[in-house]
Amino acid sequence: MNTSTTKDYENFLLQYPAYGSTSHLDALRENEFSRLDDHKHVYVDFVGANLYPDLLVHQHAEFLTANTYGNPHSSNPTSKLATHHVETARQAVKDYFNDIADEYAVIFTANASGALKLVGESYPFDTNSCLLMVADNHNSVNGLREFARSKGAPFIYAPIHEETMQVKAGELQNNLASNITGNKLFAYPAQSNFSGIKHDLSWIEKAQASGWDVLLDAAAFVPGNVLDLSIHKPEFVSISFYKMFGYPTGIGCLLAKRSALRKMNRPWFAGGTIEVASVRGDGHYLADNEAGFEDGTVNFLGIPAVANGLLFLKNIGIDSIQSRTRALTDWTLKQLLAMHHSTGKPLCHLYGTSDINHRGATITVNILDENGDWVFYEDVEQDANSLGISLRSGCFCNPGADETANSIASEMLRPIFESGNKITYAQFVEMARGRFVVGAVRVSFGYISNVADAYAIVSFFKRYIK
């Protein structure tokens with residue numbers, strides 16, 4: 001496969017001179033991610049998972065072997081040491097997101113989905129409440145509707161534009177202005193995991209001004225953007241750390257305003273979440289703040305690695321990450337949109353606006369053949385696999401964005417679910433063939449992506465030109 005040459009790199013710098021200021025990331029790739037180039041692998045699935053530097057693995061190995069750590073739910077020496085490192089990591093999270101007023105509790109979870117589930121199961125939904133979501137949400141957010149439904153609370157989806165994949169501002173504003181009197185929860189992503197479109201953080205304040213609690217899904221946003229909790233203050237934020245710096249996996253967090261936690265009602269309790277519980281007394285008192293929501297024993301051996309990862313990102317600099325990924329994304333996007341078949345038909349159908357000012361480092365497309373028909377996304381991924389390219393295909397656990405992007409009407413979908421006959425996703429895709437398009441191909445860049453990766457992706461897509 002063709003990759004970039006020195007001349008290609010020089011031409012790239014002429015178009016994107018700011019990219020030159022990120023040369024330290026090339027050195028970082030060479031020193032910490034040599035396995036990529038050693039194996040001639042092109043990795044462009046950073047929304048799926050970030051890659052870990054050797055440094056974080058070595059630092060954590062040294063931490064594990066340097067001392068003995070015990071279950072934090074005790075006061076013995078090994079327990080105290082483990083507790084100290086967990087609390088140090090907790091403070092590192094608060095510092096990274098600039099919680100200067102100490103308004104937030106940092107609740108460690110297994111992942112961002114676990115953080116979202118905590119909100120869904122504990123939010124005081126009732127028949128006077130409402131859950132508002134945008135149509136562009138990860139399934140871990142969509143799943144909140146089942147908690148609302150179980151308590152008799154209605155849920156609403158604010159639509160997004162088919163062309164730009166941005167929120168329909170007028171309709172969302174109307175939803176926020178509704179006269180609901182009970183508890184109201186508005187959940188939306190800072191950045192779409194499907195299209196890469198960034199949704200305006202000012203919706204946080206607009207929703208709060210109308211009496212809504214806000215749940216911000218920041219999992220796809222924070223790997224390459226600043227979320228400053230001294231400026232934007234949603235009630236809840238869900239985060240997954242491996243999406244930020246690759247290691248460790250299996251740890252996320254819920255950032256929750258302490259004021260918001262006070263009205264949450266947990267449906268159960270577990271070891272570590274209570275101040276006191278009794279079998280014969282048939283009662284319990286939940287612990288305050290983080291402790292009341294961290295079920296059982298936290299991952300006390302893994303959580304300390306989070307502090308190292310956040311420091312690693314801070315040392316790289318979000319500005320450098322943005323300069324690099326913005327240039328790579330914009331260049332690749334323009335190259336793909338300029339490609340046409342000999343018939344004049346475009347090679348790619350882009351999802352979302354092409355304006356780089358409104359998107360992250362994600363490009364989601366479907367490849368079209370010379371007649372304008374969709375090339376099945378799984379076939380594209382298989383072709384990429386054979387060339388050592390890791391990209392992603394499917395609907396990316398975001399059916400609302402996929403359905404909007406491909407103009408799939410509810411009338412086409414409801415019969416599938418009203419029949420009561422359970423089907424697999426493969427069966428769903430097969431049913432869709434010839435009726436409507438589902439799925440797409442996603443390319444996403446990260447802090448160690450380089451010009452050679454971008455050229456490799458463009459070269460790969462050129463193979464489909466007829």
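A short tour of the structure in this document, coming up. (Residues numbered from 1 in each chain as written. Predicted model: local features only at pLDDT ≥ 70, side-chain atom pairs only at ≥ 80, totals over all residues. Heavy atoms only, no water.)

1. Observations regarding the overall build of the chain
Alright, step 1. Within the chain, the regular secondary structure consists of 19 helices and 15 strands.
Alright, step 2. Its C-alpha atoms give the chain a radius of gyration of 23 Å, near enough to 23 Å, the size a compact globule of 466 residues would have.
Alright, step 3. The C-alpha extent of the chain, read off along each of the three principal axes, is 80 × 55 × 40 Å.
Alright, step 4. Sequence-distant contacts, at least 24 apart, represent 72% of the contacts inside the chain between residues at least 6 apart.
Alright, step 5. Counting 38 positive and 50 negative side-chain charges, the chain places the centres of these two groups 2 Å from one another. (Helix = DSSP H or I, 4+ residues; strand = E, 2+ residues; numbered from the N terminus. Rg over C-alpha atoms; globule rule 2.2 N^0.38 Å. Contact = heavy atoms within 4.5 Å. Lys, Arg positive; Asp, Glu negative; His and termini not counted. Charge placed at Lys NZ, Arg CZ, Asp CG, Glu CD.)

2. Considerations on the state of the cysteines
Alright, step 1. Enumeration over the complete set of coordinates arrives at 0 disulfides.
Alright, step 2. Of all cysteine sulfurs in the structure, the one in Cys-395 sits closest to Cys-348, which takes part in no disulfide; the separation is 20 Å.
Alright, step 3. Left unpaired, Cys-397 is separated from the closest cysteine sulfur, that of Cys-395, by 6.3 Å. (Disulfide = S-S within 2.5 Å.)

3. Digging into the pairing of strand 10 (residues 283-286)
Alright, step 1. Alignment of strand 9 (residues 274-278) against strand 10, held across 4 bridges, turns out to be antiparallel. Within the sheet, the bridge partner assigned to Ala-277 lies in strand 10 and is His-284. (Pairing = 2+ DSSP bridges.)

4. Concerning the pattern of salt bridges
For side chains of opposite charge, pairing can occur when their charged atoms come near one another.
Alright, step 1. One pass over the full model with this rule turns up 21 salt bridges.
Alright, step 2. In this structure, Glu-121 and Lys-117 form a salt bridge, with 3.2 Å as the shortest nitrogen-oxygen distance. You can see Glu-121 and its partner Lys-117 sitting in helix 6 (residues 112-122), 4 residues apart, about one turn around the helix.
Alright, step 3. With a shortest N-O distance of 2.6 Å, Asp-295 and Arg-266 are connected by a salt bridge. Of this pair, Asp-295 sits in the loop between strand 10 and helix 13 (304-316) while Arg-266 sits in the loop between helix 12 (258-261) and strand 9, and the two are 29 residues apart along the sequence.
Alright, step 4. Overlapping salt bridges bring together Lys-94, Asp-99, Asp-102, Arg-258 and Glu-290 as one network. (Salt bridge = Lys/Arg side-chain N within 4 Å of Asp/Glu carboxyl O.)

5. A look at the packing of helix 9 (residues 169-176) against helix 10 (residues 202-209)
Alright, step 1. Between helix 9 and helix 10, the least distance of the axes is 9 Å, while the angle of their chain directions is 30°. The handedness of the crossing between helix 9 and helix 10 is right-handed. Counting all contacts with helix 9, which are made through Ala-169, Leu-172, Gln-173 and Leu-176, the residues of helix 10 involved are Trp-203, Lys-206 and Ala-207.
Alright, step 2. The residue inventory of the contact of helix 9 with helix 10, partitioned by class, reads 5 nonpolar, 1 polar and 1 charged. (Axes fitted to C-alpha atoms, helices over the stretch in contact; angles between N-to-C directions. Left-handed = near helix turned anticlockwise from the far one by under 90°. Nonpolar A, V, L, I, M, F, W, Y, C, P; charged D, E, K, R; others polar.)

6. Thoughts on the nonpolar core
Side chains of a nonpolar character, in soluble globular proteins, are inclined to be buried together.
Alright, step 1. Among the nonpolar cores identified, the biggest contains 72 residues, and Val-93, Phe-108, Phe-186, Leu-227, Ile-239, Phe-241 and Leu-255 are the most heavily contacted of them.
Alright, step 2. Counting residues per element, this core draws most heavily on helix 13, which supplies 6 residues.
Alright, step 3. One finds Leu-328, Ile-367, Leu-413 and Tyr-455 within the second-largest nonpolar core, a separate group that totals 42 residues. (Core = buried A, V, L, I, M, F, W, Y, C linked by side-chain atoms within 4.5 Å. Buried < 20%, exposed > 50% of the residue type's maximum accessible area, 1.4 Å probe, protein only.)

7. With respect to the pairing of strand 7 (residues 236-240)
Alright, step 1. The element strand 7 is largely enclosed, with a buried count of 5 among its 5 residues.
Alright, step 2. With burial as the criterion, each face of strand 7 is covered, one bearing Phe-236, Ser-238 and Ser-240 and the other bearing Val-237 and Ile-239.
Alright, step 3. Where strand 6 (residues 213-217) lies against strand 7, 3 bridges are found, and the strand directions are parallel. Its bridge partner lying in strand 7, Leu-215 is registered against Phe-236.

8. Some words on the sheet that holds strand 14 (residues 392-394)
Alright, step 1. Spatially, the 4 strands line up as an open sheet ordered 11-12-15-14, and their pairing is antiparallel. Looking at strand neighbours, the two that pair on one side only are strand 11 (348-350) and strand 14, the edges of this open sheet. Ignoring strand direction, the axes of neighbouring strands in this sheet form an average angle of 35°.
Alright, step 2. The sheet contact formed by strand 11 and strand 12 (residues 362-367) spans 3 bridges and is antiparallel. Looking across to strand 12, one finds that His-349 is bridged to Asn-366.
Alright, step 3. Strand contacts of helix 15 (residues 377-386): strand 12, strand 14 and strand 15 (440-444), with the helix running at about 160° to strand 14, the strand carrying the most contacts.

9. Things to note about the sheet that holds strand 7
Alright, step 1. Read from one edge of the open sheet, 7 strands run 2-8-7-6-5-3-4, paired in mixed fashion. Strands with a single pairing partner mark the edges of an open sheet, and in this sheet they are strand 2 (104-109) and strand 4 (155-158). Between one strand axis and the next, the sheet turns by 20° as a mean value, whatever way the strands run.
Alright, step 2. In this structure, strand 7 lies alongside strand 8 (residues 252-257), joined through 5 bridges in antiparallel fashion.

10. Quick notes on helix 2 (residues 23-32)
Alright, step 1. Taken together, the buried positions of helix 2 are occupied by Leu-25, Leu-28, Arg-29 and Glu-32. Projected down its long axis, helix 2 carries its buried residues within an arc of 100°, all on one side. Counted as exposed and oriented over 90 degrees from the buried face of helix 2: Glu-30 and Asn-31.
Alright, step 2. Each element contacted by the buried residues of helix 2 is listed here: helix 3 (34-38), helix 4 (54-66), helix 13, helix 14 (318-337) and helix 19 (451-462). (Arc of directions from axis to C-beta.)

11. Digging into the packing of helix 5 (residues 77-96) against helix 13
Alright, step 1. Look at helix 5 against helix 13: their axes get within 7 Å of each other, and the N-to-C directions meet at 30°. Our classification of the angle between helix 5 and helix 13 gives roughly parallel. Of the two possible hands of crossing, helix 5 and helix 13 adopt the one that is left-handed. Where helix 5 approaches helix 13, its residues His-85, Ala-89, Ala-92, Val-93 and Tyr-96 are matched on the opposing element by Pro-304, Val-306, Ala-307, Leu-310, Leu-313 and Lys-314.
Alright, step 2. Residues of the contact of helix 5 with helix 13, tallied by class, amount to 9 nonpolar, 1 polar and 1 charged. (Parallel < 35°, antiparallel > 145°, perpendicular 65-115°, else oblique.)

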